[in-house]
Amino acid sequence: QVQLVESGGGLVQAGGSLRLSCAASGSIFEFNTVGWVRRAPGKQRDLVASTTSGGSTDYADSVKGRFTISRDNAKNTVDLHMNSLKPEDTAVYYCYVWRDFPPKNYWGQGTQVTVSS
């Protein structure tokens, strides 16, 4: 089993930046997709960003151009660099790793990001 621990969340003013980091207890090499989702109060989880083992990335339209996801298989980490933060970015952010075959996935406990206006 892989444990994921997020860090870097906090309170920031609109326009500011934060870097979220997800540290895995084991190798993430076997997981073809890693990424971040978020859940704002009273809303469903939304995919924020993901990246594959091949290096391709996918971003929600709402964060495209502002957020950057990266993975480091050597360090077993997944980072999310967030710039030009907006109040609507306020949410709990969760890191995940995903393997298609055989299917397996793990999720972190989440870290709170609050953006004030």
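A brief report on the enclosed structure follows. From a predicted model like this one, the values you see are computed outputs, not experimental measurements.

**Brief notes about the overall build of the protein chain**
Thinking step 1. Helix and strand counts for the protein chain stand at 0 helices and 11 strands.
Thinking step 2. For the protein chain, whose C-alpha radius of gyration is 13 Å, the value lies close to the compact-globule estimate of 13 Å for 117 residues.
Thinking step 3. Overall size of the protein chain, expressed as C-alpha extent along the three principal axes, is 45 × 25 × 25 Å.
Thinking step 4. For the protein chain, the proportion of contacts with a sequence separation of at least 24, taken over those separated by at least 6, is 56%.
Thinking step 5. Carbon together with sulfur atoms contributes 48% to the accessible area of the protein chain, which is approximately 6300 Å² in total.
Thinking step 6. Averaging the coordinates of the 12 positive side-chain charges in the protein chain and doing the same for the 10 negative ones gives two points 2 Å apart.

**Things to note about the nonpolar core**
Thinking step 1. Ranked by internal contacts, the top residues of the largest apolar core, which has 30 residues, are Trp-36, Leu-80, Met-82 and Tyr-93.
Thinking step 2. Contributing elements (two or more residues each) for this core: β3 (18-24), β4 (33-39), β5 (46-52), β7 (67-72), β8 (77-82), β9 (91-99) and β11 (111-116).
Thinking step 3. Here Met-82 is in contact with Gly-16, Ser-17, Leu-18, Leu-20, Arg-66, Phe-67, Tyr-93 and Val-113, once residues within four sequence places are set aside.

**Notes on unusual backbone geometry**
Thinking step 1. Cis geometry marks the peptide bond from Phe-101 to Pro-102, where omega comes out at -20 degrees.
Thinking step 2. Looking at the secondary structure, you find Pro-102 in the loop between β9 and β10 (104-107).
Thinking step 3. Not every positive phi belongs to a glycine, and Asn-76 is a case in point at roughly 60 degrees.
Thinking step 4. The topology assignment puts Asn-76 in the loop between β7 and β8.
Thinking step 5. Judged by relative accessible area, Asn-76 falls into the buried class, the value being 17%.

**A short note on the state of the cysteines**
Thinking step 1. For the structure on display, the rule yields 1 disulfide.
Thinking step 2. Bridging Cys-22 to Cys-95, the disulfide has an S-S length of 2.2 Å. Torsion about the S-S bond of the Cys-22 and Cys-95 cystine: about -80 degrees, corresponding to left-handed handedness. In this pair, Cys-22 sits in strand β3 while Cys-95 sits in strand β9, placing the two residues 73 residues apart along the sequence.
Thinking step 3. Exposure remark for Cys-22: the relative accessible area of 1% places this residue in the buried category.

**Quick word on the sheet that holds strand β1 (residues 4-7)**
Thinking step 1. Here we have 4 strands laid out as an open sheet, ordered β1-β3-β8-β7, and antiparallel in their pairing. Each of the sheet's edge strands pairs with one partner strand only, and the pair in question is β1 and β7. Here the strands of the sheet are splayed against their neighbours by 15 degrees on average, with no regard to which way each runs.
Thinking step 2. Sheet topology note: the β3/β8 ladder contains 6 bridges and is antiparallel. Bridging across to β8, Ser-21 finds its partner in Asp-79.

Reading the values: the criteria
- Counting starts from 1 at the beginning of each chain's written sequence and moves along it residue by residue.
- Residues qualify for local features only when their pLDDT is at least 70, as the model is predicted, and side-chain atom pairs are given and counted only at 80 or more; totals for whole chains, interfaces and linings, by contrast, use all residues.
- Excluding hydrogens and water, the side-chain values take into account all heavy atoms of the structure.
- A run of H or I in DSSP becomes a helix once it reaches four residues, and a run of E becomes a strand once it reaches two; helices and strands are each numbered from the N terminus.
- Values of the radius of gyration come from C-alpha atoms, whereas the globule rule sets the reference at 2.2 Å times the count of residues to the power 0.38.
- The contact rule is simple, with two residues in contact once any of their heavy atoms fall within 4.5 Å.
- Note on areas: Shrake-Rupley with a 1.4 Å probe; residue coverage comes only from the protein chains shown.
- Only four residue types enter the charge count: Lys and Arg as positive, Asp and Glu as negative, with His and the chain ends excluded.
- Where a charge lies is defined by one atom per residue type: Lys uses NZ, Arg uses CZ, Asp uses CG and Glu uses CD.
- By convention a nonpolar core is built from buried Ala, Val, Leu, Ile, Met, Phe, Trp, Tyr and Cys residues, the set being connected through side-chain atoms within 4.5 Å.
- Each residue is assigned to one of three classes by its accessible area relative to the maximum for its type, calculated with a 1.4 Å probe on protein chains only: buried under 20%, partly exposed between the two thresholds, exposed over 50%.
- Throughout, disulfides are identified as pairs of cysteine sulfur atoms within 2.5 Å of each other.
- Two strands are counted as paired when DSSP detects at least two bridges linking them.
- A fitted line through C-alpha atoms serves as each axis, taken over the contacting stretch for helices, and the angle formed by two N-to-C directions is quoted from 0 to 180°.

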